[in-house]
Every structure is written in C-alpha cells, then in structure tokens.
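Observations on the three-dimensional arrangement
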Amino acid sequence: MTKNSKESSESKEGEGKCKCAEIIQLLVDDEASNDQIEFFESHTEECLSCLEEYQFDAEFKSIIREKVLKLNIPNDLIPSIKEKLAQYV
C-alpha cells in the first residue's frame, strides 16, 4: 500500500465520509502545502464526494469574492473597534 492510498484509507470515517474538510479549505484559500495538494489530487481520483465539495466551496468563494463590495476604511477604524470591544471584556 502506498503512502497516499494509506492516507486515503485513513481519511475515511464511519459512513464513508472523508476527513478532508481542512485540506479543502486550505486549497480554497490557496494555503495548502505541496504535500496536501498532492494528497488531495490523489485522493480525489477515488473520492468523488471530496472533489465535489472542493468544487462547490471554490465556486462559492469565487461568487462571494465577485459580489462583495470593497470599501476603503479609515486607518483608525480597527483600533477604534478593538478599544470599544475591550470595554466589554
């Protein structure tokens, strides 16, 4: 058994669901390591549900990115918000 097929087998739990959610989010956010990318590509050759979940999440993020209005905010806004929140903690 190769390392990737062993990881693939180990990533499945219970009712056939995979534990790839973390890797999928890293991929969607362009934060996955080369090893994670390689594992996921190999894994999705056998696991269509993980591939579909990745495709859905990537498309969802793309749509949100297109629809979100980007505004320039004042430089002091974040410190001001933190200061006000600190009053309640």
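These numbers come from a predicted model, not from an experiment.

**Quick look at the packing of aromatic side chains**
What the rule picks out here adds up to two aromatic pairs. Centre to centre, the rings of Phe56 and Phe60 are 6.2 Å apart; their planes meet at 15°, and the pair counts as stacked. Here Phe56 and its partner Phe60 are both found in helix H4 (residues 48-67), four residues apart, which amounts to about one turn of the helix. Exposure remark for Phe56: the relative accessible area of 55% places this residue in the exposed category.

**Section: the pattern of salt bridges**
Scanning the model with the defined rule gives one salt bridge in all. One salt bridge in this structure joins Lys61 and Asp29, with 2.7 Å as the shortest N-O distance. Of this pair, Lys61 sits in helix H4 while Asp29 sits in the loop between helix H2 (21-28) and helix H3 (34-43), placing them 32 residues apart in sequence. Residue Lys61 is classed as partly exposed on the basis of its relative accessible area of 26%.

**Side note on the packing of H2 against H3**
Running from N to C, H2 and H3 cross one another at 115°; their axes reach a closest spacing of 10 Å. Seen from above, H2 lies across H3 with left-handed handedness. Of the residues in H3, those touching H2 at Ile23, Ile24, Leu26 and Leu27 are Gln36, Ile37, Phe39 and Phe40. When grouped by side-chain class, the residues that make up the contact of H2 with H3 number seven nonpolar, one polar and no charged.

**Digging into H2**
Taken together, the buried positions of H2 are occupied by Ile23, Ile24, Leu26, Leu27 and Val28. Along its buried surface, H2 packs onto H3 and H4. Asp30, located one to two residues past H2, shows a positive phi value of around 55°.

**Some details on the packing of H2 against H4**
Relative to each other, H2 and H4 sit at 35°, their axes nearing to 10 Å. Note on packing geometry: the crossing formed by H2 with H4 is right-handed. Contacts between H2 and H4 pair Ala21, Ile24, Gln25, Leu27 and Val28 from the former with Cys50, Glu53, Tyr54, Asp57, Ala58 and Lys61 from the latter. Of the residues in the contact of H2 with H4, the class split is seven nonpolar, one polar and three charged.

**Quick notes on the nonpolar core**
Within the largest apolar cluster, eleven residues are counted, these being Cys20, Ile23, Ile24, Leu26, Leu27, Val28, Ala32, Phe39, Phe40, Cys47 and Cys50. Where this core is concerned, the elements lending two or more residues are H2 and H3. The contact partners of Ala32, leaving out residues within four places of it in the chain, are Leu26, Leu27 and Ile37.

Cut-offs used in this document
Residues numbered from 1 in each chain as written. Predicted model: local features only at pLDDT ≥ 70, side-chain atom pairs only at ≥ 80, totals over all residues. Heavy atoms only, no water. Phe/Tyr/Trp six-rings, centres within 6.5 Å; stacked < 30°, edge-to-face > 60°. Helix = DSSP H or I, 4+ residues; strand = E, 2+ residues; numbered from the N terminus. Buried < 20%, exposed > 50% of the residue type's maximum accessible area, 1.4 Å probe, protein only. Salt bridge = Lys/Arg side-chain N within 4 Å of Asp/Glu carboxyl O. Axes fitted to C-alpha atoms, helices over the stretch in contact; angles between N-to-C directions. Left-handed = near helix turned anticlockwise from the far one by under 90°. Contact = heavy atoms within 4.5 Å. Nonpolar A, V, L, I, M, F, W, Y, C, P; charged D, E, K, R; others polar. Core = buried A, V, L, I, M, F, W, Y, C linked by side-chain atoms within 4.5 Å.

Just distances and angles here, no functional claims.
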